[in-house]
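Letter by letter, the chains look like this.
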Amino acid sequence: MTRLPIAQYPDDDKPRDECGIFAVSGSRAAAELTFLGLYALQHRGQESAGIVAIDDEGEARAHKGMGQVNEAFDDATIRRLTGTVALGHVRYSTQGSSSLRNAQPVLVNYRHGPMALAHNGTLTNAVEIGERLSDEGAIFQTDSDSEVVIHLIARSRRDSPDQQVDDALSQLVGAFSLVLCVGRTIYVARDPRGFRPLVLGRLGDAAIVASETCALDIIGAEYVRDVGPGEVLRIDDGVVTRLRPLEPATPSPCLFELVYFARPDSRIWGCSVDRARRAFGRQLALEHPVEADCVFSVPDSSNSAALGYAEGSGLPFELALIRNHYVGRTFIHPTQTGRDFRVRVKYNPVAELIDGKRVIVVDDSLVRGTTSRGLVALLRESGAREIHFRVASPPIISPCYYGIDMPTRQELIGANHSVEEIGRHLGVESLGYLSLEGMLSAVEEFGPFCDACWTGNYPAPLVDFEHGFASATAGS
Ligand code: AMP
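Residues numbered from 1 in each chain as written. Predicted model: local features only at pLDDT ≥ 70, side-chain atom pairs only at ≥ 80, totals over all residues. Heavy atoms only, no water.

What follows covers the overall build of the protein chain. When helices and strands are counted, the protein chain shows 18 helices and 21 strands. For 476 residues, the compact-globule estimate of 2.2 N^0.38 gives 23 Å, and the protein chain sits close to it at 22 Å. When burial is assessed residue by residue, the protein chain has 57% of its 476 residues classed as buried. In the protein chain, the share of contacts with a sequence separation of at least 24, taken over all contacts with a separation of at least 6, comes to 71%. With an accessible surface of roughly 18600 Å², the protein chain has 50% of that area assigned to carbon and sulfur atoms. Distance between charge centres in the protein chain, computed from 46 positive and 62 negative side chains, equals 1 Å. (Helix = DSSP H or I, 4+ residues; strand = E, 2+ residues; numbered from the N terminus. Rg over C-alpha atoms; globule rule 2.2 N^0.38 Å. Buried < 20%, exposed > 50% of the residue type's maximum accessible area, 1.4 Å probe, protein only. Contact = heavy atoms within 4.5 Å. Areas by Shrake-Rupley, 256 points an atom, 1.4 Å probe, with all protein chains shown as cover. Lys, Arg positive; Asp, Glu negative; His and termini not counted. Charge placed at Lys NZ, Arg CZ, Asp CG, Glu CD.)

Our next topic: the packing of helix α4 (residues 126-135) against helix α5 (residues 146-155). At a closest axis distance of 10 Å, the pairing of α4 and α5 adopts a crossing angle of 45°. Judged by the inter-axis angle, α4 sits oblique to α5. For the pair α4 and α5, the crossing hand works out as left-handed. Across the interface between the two elements, Ala126, Ile129, Gly130, Arg132 and Leu133 from α4 touch Val148, His151, Leu152 and Arg155 from α5. Classifying every residue of the contact of α4 with α5 gives five nonpolar, two polar and two charged. (Axes fitted to C-alpha atoms, helices over the stretch in contact; angles between N-to-C directions. Parallel < 35°, antiparallel > 145°, perpendicular 65-115°, else oblique. Left-handed = near helix turned anticlockwise from the far one by under 90°. Nonpolar A, V, L, I, M, F, W, Y, C, P; charged D, E, K, R; others polar.)

Taken as a whole, this structure holds nine aromatic pairs when the rule is applied. Plain terms: the ring middles of phenylalanine 35 and tyrosine 39 are 5.3 Å apart, the flat faces sit at 80° to each other, and that makes the pair edge-to-face. Separated by four residues within a single helix, phenylalanine 35 and tyrosine 39 lie in helix α1 (residues 30-40), roughly one turn from each other. Seen from their ring centres, phenylalanine 195 and tyrosine 402 are 4.1 Å apart, and the 20° between their planes marks the pair as stacked. With phenylalanine 195 in the loop between β8 (185-190) and β9 (199-203) and tyrosine 402 in the loop between β20 (386-391) and α14 (413-416), this pair connects stretches of sequence that are 207 residues apart. Both residues of the pair, phenylalanine 195 and tyrosine 402, count as buried. Through successive ring pairs, a cluster of aromatic residues spans Phe195, Tyr401, Tyr402, Tyr458 and Phe465. (Phe/Tyr/Trp six-rings, centres within 6.5 Å; stacked < 30°, edge-to-face > 60°.)

Take the side chain of threonine 185 next. Note on placement: threonine 185 falls in strand β8. Judged by relative accessible area, threonine 185 falls into the buried class, the value being 17%. Looking at threonine 185, its side chain comes within polar contact range of the side chain of aspartate 236, at 2.8 Å. Once residues lying within four places of it in the same chain are set aside, the contact partners of threonine 185 are Leu180, Arg234, Ile235 and Asp236. (Polar contact = N/O pair within 3.5 Å; in protein donor to acceptor, adjacent residues only side chain to side chain.)

Pairing is parallel across the open sheet formed by four strands, whose spatial order is β16-β19-β20-β21. This sheet does not close on itself; its edge strands, each paired only once, are β16 (294-297) and β21 (430-433). Geometrically, the sheet is characterised by an average inter-axis angle of 20° between neighbouring strands, direction not taken into account. As judged from the six bridges shared by strand β19 (residues 358-363) and β20, these two strands associate in the parallel manner. Across the sheet, valine 361 pairs through a bridge with phenylalanine 389, a residue of β20. On the sheet, helix α10 (residues 303-313) packs against β16, β19 and β20 and is oriented at approximately 165° with respect to β16. Contacting β16, β19 and β20, helix α13 (residues 370-381) runs over the sheet at an angle of about 155° to β20. (Pairing = 2+ DSSP bridges.)

Around the ligand, 16 residues are found, and the nearest of them are Asp363, Arg368, Gly369, Thr371 and Asp405. One of the backbone nitrogen or oxygen atoms of serine 365 is found 2.9 Å away from an oxygen atom of the ligand. Between the ligand and arginine 368 there is a distance of 2.8 Å, counted from an oxygen atom to a backbone nitrogen or oxygen. Out of a free accessible area of 500 Å², the ligand has 86% covered by protein chains. Looking at the shell around the ligand, the elements that each hand over two or more residues are α8 (255-261) and α13. When its residues are assigned to classes, the shell around the ligand shows five nonpolar, five polar and six charged. (Near = heavy atom within 4 Å.)

With that settled, consider the pairing of β20. Where burial is concerned, most of β20 is hidden: five out of the six residues are buried. Handedness of the β-α-β unit built from β19, α13 and β20 comes out right-handed. Two strands pair when backbone bridges link them, and β20 and β21 are joined in this way by four bridges, in the parallel orientation. Pairing of phenylalanine 389 across the sheet is with leucine 431, part of β21. (Right-handed = clockwise from strand over helix to strand, strands pointing away.)

Moving on to the sheet that holds β8. One open sheet accounts for six strands, arranged β5-β6-β7-β8-β12-β13; its pairing is antiparallel. Where the open sheet ends on each side, the last strands, each with one partner, are β5 (106-110) and β13 (239-242). When strand polarity is set aside, the average angle formed by the axes of neighbouring strands in this sheet is 20°. Bridging between β8 and strand β12 (residues 232-236) involves five bridges; their strand directions are antiparallel. Its bridge partner lying in β12, isoleucine 186 is registered against isoleucine 235. Strands in contact with helix α6 (residues 161-169) are β5, β7 (177-182), β8 and β12; relative to β8, the strand with the most contacts, it is inclined by about 25°.

On to the confidence of the model for the protein chain, then. Summary statistics for the protein chain give a mean pLDDT of 92 and a share of 91% for residues scoring 70 or more. Looking across the protein chain, the model is least confident in helix α11 (residues 342-346), with a mean pLDDT of 86, and most confident in strand β10 (residues 206-210), with 99. Here residues 1-15 scores under 50 on pLDDT; set against residues more than four positions off or in separate chains, the count is 48 contacts. pLDDT under 50 marks residues 470-474. Its contacts with residues more than four places away, or in other chains, come to 20 contacts. (pLDDT = per-residue confidence, 0-100.)

Structure representation (structure tokens):
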């Protein structure tokens, strides 16, 4: 466990990505299935989408585009991606590097044929590896940490692709759930701590790999099992073989996936995401009860947690905030009007449910606190008599270095202010966060987890920071 004082990890300007990955081996409709799978994983990244398909002759075709899956692809592009093997990726990054250049899968030619990679997670030693490779003459085409994996495989002196992949993966530190293909062979791997999810499914004779089970559901594939932490698989025409696993470490899957990131209809870490969120909500009701007229969520991310709070408190659950589903994460707000539209564009209260009422708003997490502050102001305008804000996870005090896009520590409201100060800042009658112990006890049987964003205890070494590298690579 890396447990330096949190302050020793400097904030950096590292672009942090969130991603979803998908792969098919052994289906004539590989690209089409991948397109559908990416649709189901859209919540994991809305900035760019890409698919690489390999045909029967081992020729690779790629298409990548900016925007959501349906913007990046059309029928004709998908028809062009022929073959029974395909990899797909959706990506989101907030800072810098929002360009097609960094879209994945990365596709290159190497001595055993085309090689493509789709990666979810952030490598914590990518800069160190990148500098070493650059010194040796490597030329990088992207800002993405994923590219070092490609270089390590291509430059490995070991004999077979199996061994070269093993050689490369053994050098990585940090978070990686990845699918890569060398010719028509797919390799699948999850880092030894298993930070990011990855599941294996089957559709007839085809093997499917996806970040979340909701992507198996959309194509009617059967869930087979999770890819285990440190596990490395090879898939040839739908036939899955286990390769030598990576050096073991204590697994620490990301608990924030259960709190916010994964879809509630997915099962990750062996646990239904919806069930986990409801359990958080019920526990929150136990820890922070208050007399009120109704409970509601900040849709959609806190729906399950708010239902759990309503169950736990016995108070009625209302749909008092309506979300506009057509607002992307990269909404550009008009500034000329002098009004802050950021929150208004996304949410509108149902005034009849709020006017004169004592309300409990349940959100899944507070990051900067800006959305919540705007929401509280909206609820006041709608006549709320009392606003009790409840957060179904503890205060976030430390950024994620393993693949969740979070702002710098200075911007994390929970890192810099007490609960009382945050309550005053939001303008609420009361504020209550779920305790760390309460959250962990609600999902105890599925842990242990990475809880670094709430504790500052980073399970995988932050190699680049410890070596003082000013990072310039992106996670995935
Ligand atoms: P704010 O406190 O204004 O930064 O917004 C917090 C809300 O953003 C939470 O209620 C979550 O639903 C959502 N959220 C949490 N983590 C993230 C993330 N990594 N990226 C985007 N939205 C997030």
